[in-house]
Amino acid sequence: MNRKEKNKLKMDMAHEIYIEENNELIFKKLILNPLLRVLGMLILLIFSAVNHSRIVRLAALTSNAIFSSEHVLGHVTYYTILGVTMGICIMVSLVSLILRSSLDLSNIILLRRAYQIYTIYDFVVFILSTFVCLFFIIMILITPCNISGSSMENTYQDGDRVLLWNIGYTPKDGDVIVFDAAKYLSNPNVDSSGVAVSKETRFFIKRIMAKENDKVSYVPKSLGTGNLFVNDRFVENITRSEYNTMLESLSLGYTLAFEVPKDKVMVFGDNRTPGGSHDSRAIGFIDESEIIGKVLFRFYPFSKIGNPDPDFR
């Protein structure tokens, strides 16, 4: 059906003859269509409530990546629009159900107004529900994230924007991930100098260097430093204090070799210069449950779109 035929059909549907012949259908649409939309919104609401803490994190990341502020499209906005959409649908359905039994369905003026109400309702709810569904899909499946700081230089730069994959992710060596570091910081709302910072800064982007069952070993050298190996592969030269931090995070006594326990990962930034990255050398191993997603590729700046090869400093 081409556009001309669609427009003709739409005009016919607004015609008195069509309305008069389909008076029952009009009220069925006003009663059943909103209920079907409520059912879809209810499924989203239940899933969101069960995964509330994750929704809060993903909403903050998404809003910050798109608008450079976590409050524009935060979880409050998401739940508010979801609730308003469900409220409109329920109200339209209930009012239509009540009026159907008391209205004269042969009155063409009333039927025309009912049709006009349905048209307005359908447009408004379509816009709202589309926004909710798109926002939900963006948060849950492929989440945009704004990179802040220099911890991943030279691979990723401050201000780069990347897409994360969230569903069914299993940590793999070498993957670049984003995780919530709030529980690993003494105060996630201030920086090292005590200055207040936004919540977005608690989301760290790092590279996985060791995961469950990997063998980590440390070969001490002079002056309190040593070489760190994972599965006999050299990773970095770190201090004895940094190595002890890793052991403490796993509740291990001093040992020169161990296997990474279940649900734990070691993460480093690509910027390995002193003070260049606040990673497992400072906070120890992290829990897999804190991982938000794996970086798929960089989508901004447009001149650097793609998935860059590791470029360590």
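For the structure itself, look to the data block above.
Let me begin by describing the structure that accompanies this report. These numbers were taken from a predicted model, which means no experiment stands behind them.

1. Observations regarding the packing of helix H4 (residues 52–67) against helix H5 (residues 75–100)
So, step 1. Where H4 meets H5, the axes come as close as 8 Å, and the angle between the chain directions of the two elements is 115°. In terms of their interaxial angle, H4 and H5 are classed as roughly perpendicular. On the side of H4, the interface is formed by His52, Ile55, Val56 and Ala59, while H5 contributes His75, Tyr78 and Tyr79.
So, step 2. Taken together, the residues of the contact of H4 with H5 sort by class into five nonpolar, two polar and no charged.

2. Remarks on the nonpolar core
So, step 1. Core analysis: the biggest nonpolar cluster contains 37 residues, and Tyr78, Leu164, Val178 and Val295 have the highest contact counts within it.
So, step 2. Of all the secondary structure elements, the ones that give two or more residues to this core are helix H3 (23–50), H4, H5, helix H6 (108–140), strand S2 (161–165), strand S3 (176–180), strand S4 (203–210) and strand S11 (291–300).
So, step 3. With nine residues, the single largest contributor to this core is H6.

3. With respect to the packing of aromatic side chains
So, step 1. One pass over the structure, following the stated rule, counts 13 aromatic pairs.
So, step 2. Where Tyr78 meets Phe135, the ring centres are 5.8 Å apart and the plane angle is 70°; that geometry is what we call edge-to-face. In this pair, Tyr78 sits in helix H5 while Phe135 sits in helix H6, placing the two residues 57 residues apart along the sequence. Summarising the burial analysis for this pair, Tyr78 and Phe135 share the class buried.
So, step 3. Ring-pair connections join several aromatic residues into one group, and the members of that group are Phe47, Tyr78, Tyr79, Phe131, Phe135 and Phe136.
So, step 4. Lying across the ring of Phe204, Lys206 places its NZ or CZ 5.2 Å from the centre.
So, step 5. Above the plane of the ring of Phe268 lies Arg281, whose end atom (NZ or CZ) is 5.0 Å from the centre.

4. A closer look at helix H7 (residues 240–249)
So, step 1. Those residues of H7 that sit buried are Tyr243, Thr245, Met246 and Leu247.
So, step 2. Residues of H7 that are buried make contact with strand S5 (215–220), strand S6 (225–230), strand S7 (233–239), strand S8 (257–259), strand S9 (264–268) and helix H8 (280–283).

5. Structural notes on a nonpolar patch on the surface
So, step 1. There is a patch of nonpolar side chains on the surface, built from Ile137, Leu141, Ile142, Trp165, Ile167, Leu296, Phe297, Tyr300, Phe302 and Ile305 and spanning about 860 Å² of accessible area.
So, step 2. In terms of residues, the nonpolar patch owes the most to one element, S11, which gives three residues.
So, step 3. Positionally, Ile305 belongs in the segment after S11.

6. A look at unusual backbone geometry
So, step 1. Backbone torsion omega between Glu153 and Asn154 reads 10°, so that peptide bond is classified as cis.
So, step 2. The topology assignment puts Asn154 in the loop between strand S1 (142–146) and S2.
So, step 3. Residue Pro301 follows Tyr300 across a cis peptide bond; omega there is 5°.
So, step 4. Among the secondary structure elements, Pro301 is positioned in the segment after S11.
So, step 5. Located in the positive-phi region is Asn213, a residue other than glycine, with phi close to 75°.

7. What to know about the sheet that holds S1
So, step 1. The seven strands are arranged S1-S2-S11-S3-S4-S9-S10 in an open sheet whose pairing can be described as antiparallel. Of all the strands in the sheet, just S1 and strand S10 (286–287) have a single pairing partner and so form its edges.
So, step 2. In terms of strand pairing, S3 meets S4 through five bridges, oriented antiparallel. Within the sheet, the bridge partner assigned to Asp180 lies in S4 and is Phe203.
So, step 3. Lying on the sheet, H4 is in contact with S1, S2, S3, S4 and S11; it crosses S1 at an angle near 60°.

8. A look at the side chain of Ser48
So, step 1. Here Ser48 lies in helix H3.
So, step 2. Among the polar contacts listed, one links the side chain of Ser48 to the backbone oxygen of Leu44, at a separation of 2.7 Å.
So, step 3. Within polar-contact distance, the side chain of Ser48 engages the side chain of Tyr78 at 2.8 Å.
So, step 4. Not counting chain neighbours up to four residues away, the residues in contact with Ser48 comprise Ile55, Tyr78, Tyr79 and Phe136.

9. Structural notes on H5
So, step 1. Across its 26 residues, H5 extends 37 Å between first and last C-alpha, which sits within 8% of the 38 Å expected from 1.5 Å per residue.
So, step 2. Among all positions in H5, only Tyr78, Ile81, Leu82, Thr85, Met86, Cys89, Val92, Ser93 and Ser96 are buried.

10. Structural notes on the pattern of salt bridges
So, step 1. Evaluated as defined, the whole model comprises 12 salt bridges.
So, step 2. Residues Arg298 and Asp160 are paired through a salt bridge, measuring 2.9 Å at the closest nitrogen-oxygen approach. Highlighted residues: Arg298 in strand S11 and Asp160 in the loop between S1 and S2, separated in sequence by 138 residues. For the pair Arg298 and Asp160, one class covers both residues: buried.
So, step 3. Between Asp279 and Arg281 there is a salt bridge; the shortest N-O distance is 2.9 Å.
So, step 4. Given a relative accessible area of 10%, Arg281 falls into the buried group.

About the criteria used
Residues numbered from 1 in each chain as written. Predicted model: local features only at pLDDT ≥ 70, side-chain atom pairs only at ≥ 80, totals over all residues. Heavy atoms only, no water. Axes fitted to C-alpha atoms, helices over the stretch in contact; angles between N-to-C directions. Helix = DSSP H or I, 4+ residues; strand = E, 2+ residues; numbered from the N terminus. Parallel < 35°, antiparallel > 145°, perpendicular 65-115°, else oblique. Contact = heavy atoms within 4.5 Å. Nonpolar A, V, L, I, M, F, W, Y, C, P; charged D, E, K, R; others polar. Core = buried A, V, L, I, M, F, W, Y, C linked by side-chain atoms within 4.5 Å. Buried < 20%, exposed > 50% of the residue type's maximum accessible area, 1.4 Å probe, protein only. Phe/Tyr/Trp six-rings, centres within 6.5 Å; stacked < 30°, edge-to-face > 60°. Lys NZ or Arg CZ within 6 Å of the ring centre and 35° of its normal. Patch = residues over 30% accessible without salt bridge, like charges linked within 9 Å, V, L, I, M, F, W, Y side chains within 5 Å. Areas by Shrake-Rupley, 256 points an atom, 1.4 Å probe, with all protein chains shown as cover. Salt bridge = Lys/Arg side-chain N within 4 Å of Asp/Glu carboxyl O. Pairing = 2+ DSSP bridges. Polar contact = N/O pair within 3.5 Å; in protein donor to acceptor, adjacent residues only side chain to side chain. Expected span 1.5 Å × (residues − 1).

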